[in-house]
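# Report on the structure
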Amino acid sequence: MQRSRDWLDQAKRDLEHARQSIGLGHFEWACFASQQAAEKALKALHLHQGTVAWGHSVFELLEGLPEEQRPVAELLDKARVLDRFYIPPRYVNAHPSGPPYRYYTRADADQAVAIAEEIVAYCERQILQAG
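Residues numbered from 1 in each chain as written. Predicted model: local features only at pLDDT ≥ 70, side-chain atom pairs only at ≥ 80, totals over all residues. Heavy atoms only, no water.

We now examine the confidence of the model for the chain. Looking at the chain, the pLDDT average stands at 95 and 98% of residues meet or exceed 70. Ranking the elements of the chain by mean pLDDT puts helix α5 (residues 106-130) last with 96 and helix α1 (residues 4-24) first with 98. (pLDDT = per-residue confidence, 0-100. Helix = DSSP H or I, 4+ residues; strand = E, 2+ residues; numbered from the N terminus.)

For the rest of this paragraph, the subject is the pattern of salt bridges. Under the definition given, this model contains 13 salt bridges. A salt bridge links Glu124 to Lys12; its shortest N-O distance comes to 2.6 Å. Residue Glu124 is found in helix α5, and its partner Lys12 is found in helix α1; the two are separated by 112 residues along the sequence. Among the ionic pairs, Arg19 bridges to Glu117, the shortest N-O distance being 3.0 Å. With Arg19 in helix α1 and Glu117 in helix α5, this pair connects stretches of sequence that are 98 residues apart. Owing to a relative accessible area of 35%, Arg19 belongs among the partly exposed residues under this scheme. Among the charged side chains, a network of salt bridges with common partners joins Arg5, Asp9, Lys12 and Glu124. (Salt bridge = Lys/Arg side-chain N within 4 Å of Asp/Glu carboxyl O. Buried < 20%, exposed > 50% of the residue type's maximum accessible area, 1.4 Å probe, protein only.)

The packing of two helices is summarised by the inter-axis angle and the distance between the axes. Taken N-terminus to C-terminus, the directions of helix α4 (residues 73-83) and α5 make an angle of 130 degrees; their axes are 10 Å apart at the nearest point. It follows from the interaxial angle that α4 and α5 lie oblique. The element α4 and its partner α5 pack so that their crossing is left-handed. Packed against α4, whose contacting residues are Leu75, Lys78, Ala79, Val81 and Leu82, the element α5 presents Gln111, Ala112, Ile115, Ala116, Glu118, Ile119 and Tyr122 at the interface. Partitioned by chemical class, the residues of the contact of α4 with α5 number nine nonpolar, one polar and two charged. (Axes fitted to C-alpha atoms, helices over the stretch in contact; angles between N-to-C directions. Parallel < 35°, antiparallel > 145°, perpendicular 65-115°, else oblique. Left-handed = near helix turned anticlockwise from the far one by under 90°. Contact = heavy atoms within 4.5 Å. Nonpolar A, V, L, I, M, F, W, Y, C, P; charged D, E, K, R; others polar.)

Mapping Ile87 onto the fold places it in the loop between α4 and α5. Taking the C-alpha atoms as reference, Ile87 lies 13 Å from Glu39; in sequence the two are 48 residues apart.

Here it is, written out as structure tokens:
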């Protein structure tokens, strides 16, 4: 059973969750949901092409695409930013003191959402082009 569409649909929903979190002032959750959206979109793309991708690194999932699907270096660099939002926004012990929400700003969340939007759109284009 082909599940790539399910992964892509969930990626889009996670991206919407990230946008809503910004409106609530939950910037740490916006950052994490953005990372999740990009990760799931990339897993959708990998599945669509018949490969199963493991792990949570957006950068590694992008880098692991076949040469003809690999994006420009700029998008790989942006993926590195999202990878920073996988663990620290959720865990208190990822910071020297205080809860995670104190470490994330509107600017962080806006940047994370913008990058995730770009990666989700990239994956969707690649899936549509492949048919």
